[in-house]
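Single-letter residue listing:
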Amino acid sequence: MLPNGINRDHVLQAILSFERDGLPEGFKDSHTYYLEHEGKKYPPPAIAALAAYALTGQLPKPGFRAGMAPSVSGFLPMPFFQSA
């Protein structure tokens, strides 16, 4: 489950980490939903996991749940970002 407290800065850190290092080990690219930021598309599960890492220093395992949201795609599209 994702920790409470993930904010825009954590998501931006996650995007930078993803651009630098690619998908975290065990994660897959998204085929259905994407998080769009500055014209680029990112896989929501990987970005959510990296944002959690930015907050806690611990990377959730692949297949984690996004808390009360039915999926990660329901958790991540925050007012600062668009889902595509």
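It should be noted that the structure appears before, not after, this text.
Now for a quick tour of the structure.

Reading the values: the criteria
Residue indices follow the written sequence of each chain, beginning from 1 at its first position. Local features in a predicted model are, by the rule used here, given only for residues with pLDDT of at least 70; side-chain atom pairs are given and counted only at 80 or more, and totals for whole chains, interfaces and linings are based on all residues. In computing side-chain properties, one takes all heavy atoms of the structure into account and sets aside hydrogens as well as water. The term salt bridge refers to a side-chain nitrogen of Lys or Arg lying within 4 Å of a carboxyl oxygen of Asp or Glu. Helix numbers and strand numbers start at the N terminus; a helix is a DSSP run of H or I with at least 4 residues, a strand a run of E with at least 2. The buried label goes to any residue with under 20% of its type's maximum accessible area, the exposed label to any with over 50%, and the partly exposed label to all in between, with areas taken from a 1.4 Å probe on protein chains only. Pairing of aromatic side chains requires ring centres within 6.5 Å, counting the rings of Phe and Tyr and the six-membered ring of Trp. Pairs whose planes differ by under 30 degrees are stacked, by over 60 edge-to-face, and all others tilted. Each helix should span, by expectation, one fewer than its residue count multiplied by 1.5 Å. It only takes one pair of heavy atoms within 4.5 Å for two residues to be counted as in contact.

1. What about the pattern of salt bridges?
Going through the model one piece at a time under the given rule, you end up with 2 salt bridges. Across the salt bridge formed by K40 and E19, the nearest N and O atoms sit 3.5 Å from each other. Of this pair, K40 sits in strand β2 (residues 40–42) while E19 is found in helix α1 (residues 8–21), placing the two residues 21 residues apart along the sequence. Overall, the relative accessible area of 45% leaves K40 in the partly exposed class. Of the charged contacts, one joins R20 and D21 as a salt bridge, the two residues approaching to 3.0 Å between their closest N and O atoms. Owing to a relative accessible area of 51%, D21 belongs among the exposed residues under this scheme.

2. Some words on the packing of aromatic side chains
According to the stated counting rule, one finds 1 aromatic pair in the structure shown. Ring geometry for F18 versus Y42: centroids 5.8 Å apart, planes at 85°, classification edge-to-face. Taken as a pair, F18 in helix α1 and Y42 in strand β2 lie far apart in primary sequence, 24 residues in all. Judged by relative accessible area, which is 3%, Y42 ranks as buried.

3. Considerations on helix α2 (residues 44–56)
Taking 1.5 Å per residue, 13 residues should reach 18 Å; α2 reaches 18 Å between its end C-alpha atoms and fits that length. Buried residues of α2: P44, A46, I47, A48, A49, L50, A51 and A52, and no others. Remark: G57 follows α2 within two positions and exhibits a positive phi of approximately 85°.

4. Focus: the side chain of H10
Mapped onto the elements, H10 comes out in helix α1. On the basis of relative accessibility, which here comes to 11%, the residue H10 falls in the buried class. Not counting residues up to four positions away in its chain, the partners in contact with H10 are G5, A51, A54 and L55.

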